[in-house]
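As a plain string of letters, each chain reads:
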Amino acid sequence: MGNLPRAIAALAVIAVVSACSAHAGVAVTETTAPMTAGPTTAAATEPATAAPTDPPTASFELYDPTADAAAEIDAAVAAARADGKRVLVDFGADWCPDCHVLATYLEGEQGSALVDASFHVVKVDVGIFDRNLDISKALGDPIVNGIPAVVILDGAGTIVGSTGDGGLANARSMSETDVLAVLKGWAP
Amino acid sequence: MLFVGCAGHPAAVTTFDDAHVVVRVLVEGTGPDRTVVAEFDPTDPTAHLYGMELPDGGIDGSGRPTRLAVVGGDWQAVGPVTASVASHEIELAGFDRPFAVYPDGPVILRQAIHEIGDGPHDDPVDVTVTFMACSSKGVCFAPVEQQALSVPIR
């Protein structure tokens with residue numbers, strides 16, 4: 001899964017770019033079509049108009065793009081080896097709503113209790129699938145079916161659980177109980 | 001399909017395909033006053049795009065507005081961008097504000113433009129598009145931000 005820079009200035013440029021859960025191609029092409037008098041899809045309603053744009057938000061909310069994720073995982077595994085907890089590696093990105101939902105559940109009363117008792121959490125920023133991909137691959141590439149994706153490691157660094165099947169990638173449609181149930185299954 | 005209509009001068013359609021959305025852009029009309037029309041069409045029929053009223057960086061960094069902007073060149077935007085469908089709001093856990101989203105499926109944005117100068121009214125129109133699609137039954141796809149496109153005039 002690799003995401004190439006989108007420096008596309010000319011027509012008919014083709015590159016390989018990935019999206020959240022699956023590979024996607026990007027292409028710019030030029031064709032011709034009869035001139036249209038107006039949109040013909042999606043029955044037009046009262047036109048909406050653009051609101052003034054807000055300034056960009058903070059550089060990051062959940063996933064630090066500058067973090068040394070490999071070092072953080074190593075430290076967490078060492079801590080897990082010492083205290084018997086496990087490591088919860090959370091692959092995600094700030095743009096991903098489901099990642100925010102997962103974070104909200106983990107920071108809630110039940111989630112905090114579960115994490116405090118059982119896990120050392122490491123958040124790994126995957127950018128737009130162009131960051132920390134080596135770490136993802138080393139841990140079974142759990143992000144191929146969407147983010148957030150969680151990998152659970154024991155104190156030896158062995159994978160003992162993963163949502164590489166996309167099990168949390170639609171967290172926004174899951175209840176807090178359902179999300180936490182997935183993680184409780186991997187608690188030591 | 002967006003670009004169908006009366007016979008006559010074929011309009012040049014610039015197509016951009018990324019992050020599970022196909023964007024088709026053309027310029028309608030003749031002379032110095034025209035309209036840029038951009039269709040954002042998610043390849044997943046259960047996917048929605050976000051309302052253009054969403055902040056540039058989304059909410060808490062999440063989501064991205066659907067945007068069409070005329071940038072530089074010999075054409076300037078006139079008036080606001082309009083959308084073919086109205087957005088509605090959805091609430092998600094952990095966010096203190098709702099997200100404006102369009103119904104599942106394609107959205108068409110239109111921007112009136114005027115050529116600066118005396119012509120000959122055949123310079124391409126430089127635009128940028130921004131979007132992010134999310135499936136209501138599956139995952140969200142990575143955002144595409146301020147992708148530059150040059151749309152020929154015919």
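Described in the following lines is the structure provided in the data block. (Residues numbered from 1 in each chain as written. Chains lettered and ligands numbered in written order. Predicted model: local features only at pLDDT ≥ 70, side-chain atom pairs only at ≥ 80, totals over all residues. Heavy atoms only, no water.)

With respect to the side chain of threonine 163 of chain A
Residues and elements named next belong to chain A.
Thinking step 1. On the secondary structure map, threonine 163 appears in the loop between strand S7 (159-162) and helix H5 (176-184).
Thinking step 2. Looking at threonine 163, its side chain comes within polar contact range of the main-chain nitrogen of valine 150, at 2.8 Å.
Thinking step 3. Residues in contact with threonine 163, not counting those within four places in the same chain, are Pro142, Pro148, Ala149, Val150, Leu168, Val182 and Trp186. (Helix = DSSP H or I, 4+ residues; strand = E, 2+ residues; numbered from the N terminus. Polar contact = N/O pair within 3.5 Å; in protein donor to acceptor, adjacent residues only side chain to side chain. Contact = heavy atoms within 4.5 Å.)

Some details on helix H3 (residues 109-118) of chain A
Residues and elements named next belong to chain A.
Thinking step 1. If you check which residues of H3 are buried, you get Gly111, Leu114, Val115 and Ser118. The arc that holds every buried residue of H3, seen down its axis, measures 95°, which confines them to one face. The outward face of H3, more than 90 degrees from its buried face, is lined by the exposed residues Glu109, Asp116 and Ala117.
Thinking step 2. Considering only its buried residues, H3 is in contact with strand S4 (86-92), helix H2 (97-107), strand S5 (119-125) and H5. (Buried < 20%, exposed > 50% of the residue type's maximum accessible area, 1.4 Å probe, protein only. Arc of directions from axis to C-beta.)

Some words on the packing of aromatic side chains
Residues and elements named next belong to chain B.
Thinking step 1. Summed over all chains, the structure comprises five aromatic pairs over all chains.
Thinking step 2. Arranged with centres 4.8 Å apart and planes meeting at 80°, the rings of phenylalanine 95 and phenylalanine 99 form a pair that is edge-to-face. Grouping residues by exposure puts phenylalanine 95 and phenylalanine 99 together as buried.
Thinking step 3. Grouping aromatic residues by their ring pairs yields a cluster made of Phe16, Phe40 and Phe131. (Phe/Tyr/Trp six-rings, centres within 6.5 Å; stacked < 30°, edge-to-face > 60°.)

A closer look at the sheet that holds strand S5 (residues 67-70) of chain B
Residues and elements named next belong to chain B.
Thinking step 1. The sheet built from three strands is open, its strands ordered S5-S10-S12 with antiparallel pairing. Because the sheet does not close on itself, it has two edges, and the strands there are S5 and strand S12 (144-151). Sheet twist, expressed as the mean angle between neighbouring strand axes with direction ignored, is 25°.
Thinking step 2. Note: S5 against strand S10 (residues 125-131), four bridges, orientation antiparallel. When the sheet's bridge partners are listed, alanine 69 is paired in S10 with threonine 128. (Pairing = 2+ DSSP bridges. Axes fitted to C-alpha atoms, helices over the stretch in contact; angles between N-to-C directions.)

Some words on the packing of H3 of chain A against H5 of chain A
Relative placement of two packed helices is described by the angle separating their axes and the distance separating the axes.
Residue and element names in this part refer to chain A.
Thinking step 1. At their nearest, the axes of H3 and H5 sit 10 Å apart, and the two run at 5° to each other. When the axes of H3 and H5 are compared, the pair comes out roughly parallel. Taking contact as the criterion, the partners of Gln110, Gly111 and Leu114 in H3 are, on H5, Glu176, Leu180, Leu183 and Lys184.
Thinking step 2. Looking at the contact of H3 with H5 residue by residue, the class counts come to three nonpolar, two polar and two charged. (Parallel < 35°, antiparallel > 145°, perpendicular 65-115°, else oblique. Nonpolar A, V, L, I, M, F, W, Y, C, P; charged D, E, K, R; others polar.)

Description of the pairing of strand S9 (residues 107-115) of chain B
All names here are of chain B.
Thinking step 1. Of all nine residues making up S9, seven are buried, and the element is well covered by its neighbours.
Thinking step 2. Pairing geometry for strand S3 (residues 33-42) and S9, over eight bridges, is antiparallel. From the neighbouring strand, alanine 38 faces S9, where its bridge partner is leucine 109.
Thinking step 3. Bridging between strand S6 (residues 75-83) and S9 involves six bridges; their strand directions are antiparallel.

Brief notes about the sheet that holds S5 of chain A
Within a sheet, adjacent strands bond to each other through the backbone by hydrogen bonds, running parallel or antiparallel.
Residue and element names in this part refer to chain A.
Thinking step 1. In spatial order, the strands read S5-S4-S6-S7; together these four strands make up an open sheet with mixed pairing. The two strands at the open ends of the sheet, each matched to only one other strand, are S5 and S7. The mean inter-strand angle of the sheet, taken between neighbouring strand axes irrespective of direction, is 20°.
Thinking step 2. Here five bridges tie S4 to strand S6 (residues 149-153), and the two strands are oriented antiparallel to one another. By the bridge assignment, aspartate 90 is partnered in S6 with valine 150.
Thinking step 3. Running over the sheet, helix H1 (residues 69-83) touches S4, S5 and S6 and is turned about 170° from S5.

Shape is all these values report; function is a separate question.
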